[in-house]
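Reading the structure
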Amino acid sequence: MSRYQTIPVWDGITRTWHWLLALAVTSGWLLGEFRTFNLVQWHFYAGYCTGGLLLFRVYWGITGPPPVRFAALVPQPRPLIAYLRVLFRREPSGVAGHSPLGGLSVLVMLILLTVQVCTGLFAEDDSLFHEGPLSDTVSSATVRKVTSIHHQNSRLLLFMFGLHIGVMVFYQVWKKENLVRAMLSGRKLVRAEPGRSDPKDEPPRD
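Residues numbered from 1 in each chain as written. Predicted model: local features only at pLDDT ≥ 70, side-chain atom pairs only at ≥ 80, totals over all residues. Heavy atoms only, no water.

1. Observations regarding the confidence of the model for the protein chain
Keep this limit in mind: Within a predicted model, pLDDT stands for the predictor's per-residue confidence, ranging from 0 to 100. Contacts are residue-level and defined by heavy atoms, with any inter-residue pair within 4.5 Å sufficient.
Scored by pLDDT, the protein chain comes out at a mean of 90, with 92% of its residues at no less than 70. When the criterion is pLDDT under 50, residues 198-206 qualifies, and its contacts beyond four places in sequence or with other chains add up to 22 contacts.

Now the structure itself:
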């Protein structure tokens, strides 16, 4: 009997949300990094889209399928330590959902994105004479401080995105586990358990 089997894990709503968020955040970063008078407003639109997706993620983290709920993302000490001990083994993680480190990284990413969206509402761009929709509700000193946080936090996000891509490459090359394909198809390679069938023809639950 195989030690691993491929089963439905990621539902269709979660997968769609994931790729929409990736598109919104990537677009927002590019439009902000290479902004011009003609493009800066689209940077705000990308931020609004990201904010809407984050609000939905809060709802989905409470009511969605077990693998994507917030309770599943918070790593417990023992499973985290056990996972770290076998992290560099040349075999799939076999976890039916996010690994303990993966769940922690999702939480960090969600927090950083929330900070980025919220600060963007109050930030300003003096060079292009644009400002967030709520910037006139706070003092000029607060706007400058929030704008600074917005820029600094973007660097943290860029680091996290680079780490995210690096982890996917590590899993693909070293652990022989294709995380991208799992988020596209919804089916994930997990450790076989007694009594668990191998529903190869069963579609992921949406």
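2. Points about the pattern of salt bridges
Put simply, the test is: What counts as a salt bridge is simple: a side-chain nitrogen of Lys or Arg found within 4 Å of a carboxyl oxygen of Asp or Glu. Only DSSP runs of H or I with at least four residues qualify as helices, and only runs of E with at least two residues qualify as strands; both kinds are numbered from the N terminus onward. Residue exposure (1.4 Å probe, protein chains only): buried if accessible area is under 20% of the type maximum, exposed if over 50%, otherwise partly exposed.
Tallying each qualifying case throughout the model produces four salt bridges. Here Glu 91 ties to Arg 3 by a salt bridge, and the two come within 3.6 Å at their closest N and O atoms. With a gap of 88 residues between them, Glu 91 in the loop between helix H4 (77-85) and helix H5 (100-120) and Arg 3 in the segment before strand S1 (4-8) connect regions that are remote in the sequence. A residue is classified by how much of its surface remains accessible, and Arg 3, at 52% relative accessible area, is exposed. Residues joined in a network through salt bridges with shared partners are Arg 3, Arg 89 and Glu 91.

3. Considerations on a nonpolar patch on the surface
Operational definition: A patch is a set of surface residues, each over 30% in relative accessible area and not in a salt bridge, joined within 9 Å for like charges and within 5 Å for the nonpolar side chains Val, Leu, Ile, Met, Phe, Trp and Tyr. Per-residue and other accessible areas were derived by the Shrake-Rupley procedure at a 1.4 Å probe size, with only the shown protein chains allowed to occlude residues.
On the surface, Trp 29, Leu 30, Phe 34 and Leu 158 cluster together into a nonpolar patch covering about 390 Å² of accessible area. Along the polypeptide, Leu 158 turns up in helix H6 (residues 140-173). Residue Leu 158 is classed as partly exposed on the basis of its relative accessible area of 43%.

4. Side note on unusual backbone geometry
Here Lys 176, not a glycine, exhibits a phi torsion of approximately 55°, which is positive. On the secondary structure map, Lys 176 appears in the loop between H6 and helix H7 (179-185).

5. Focus: the packing of H5 against H6
Our working definition: Orientation is described by axes fitted as lines to C-alpha atoms, over the contacting stretch for helices, and by angles from 0 to 180 degrees between their N-to-C directions. An angle below 35 degrees is treated as roughly parallel, one above 145 as roughly antiparallel, one from 65 to 115 as roughly perpendicular, and anything else as oblique. In this scheme, a crossing is called left-handed if the near helix is turned counterclockwise away from the far one by less than a right angle; it is called right-handed if the turn is clockwise. Throughout, the ten residues Ala, Val, Leu, Ile, Met, Phe, Trp, Tyr, Cys and Pro are labelled nonpolar, Asp, Glu, Lys and Arg are labelled charged, and all others, Gly among them, are labelled polar.
One can describe the packing of H5 onto H6 by two numbers: an axis separation of 9 Å at closest approach and a directional angle of 150°. Put simply, H5 runs roughly antiparallel to H6. Crossing hand, H5 versus H6: left-handed. Residues Ser 105, Val 108, Met 109, Leu 112, Leu 113, Val 115, Gln 116, Thr 119 and Gly 120 of H5 form the contact with H6, whose own contacting residues are Val 146, Ile 149, His 150, Asn 153, Ser 154, Leu 156, Leu 157, Met 160, Phe 161 and His 164. The residue makeup of the contact of H5 with H6, split by class, is 11 nonpolar, eight polar and no charged.

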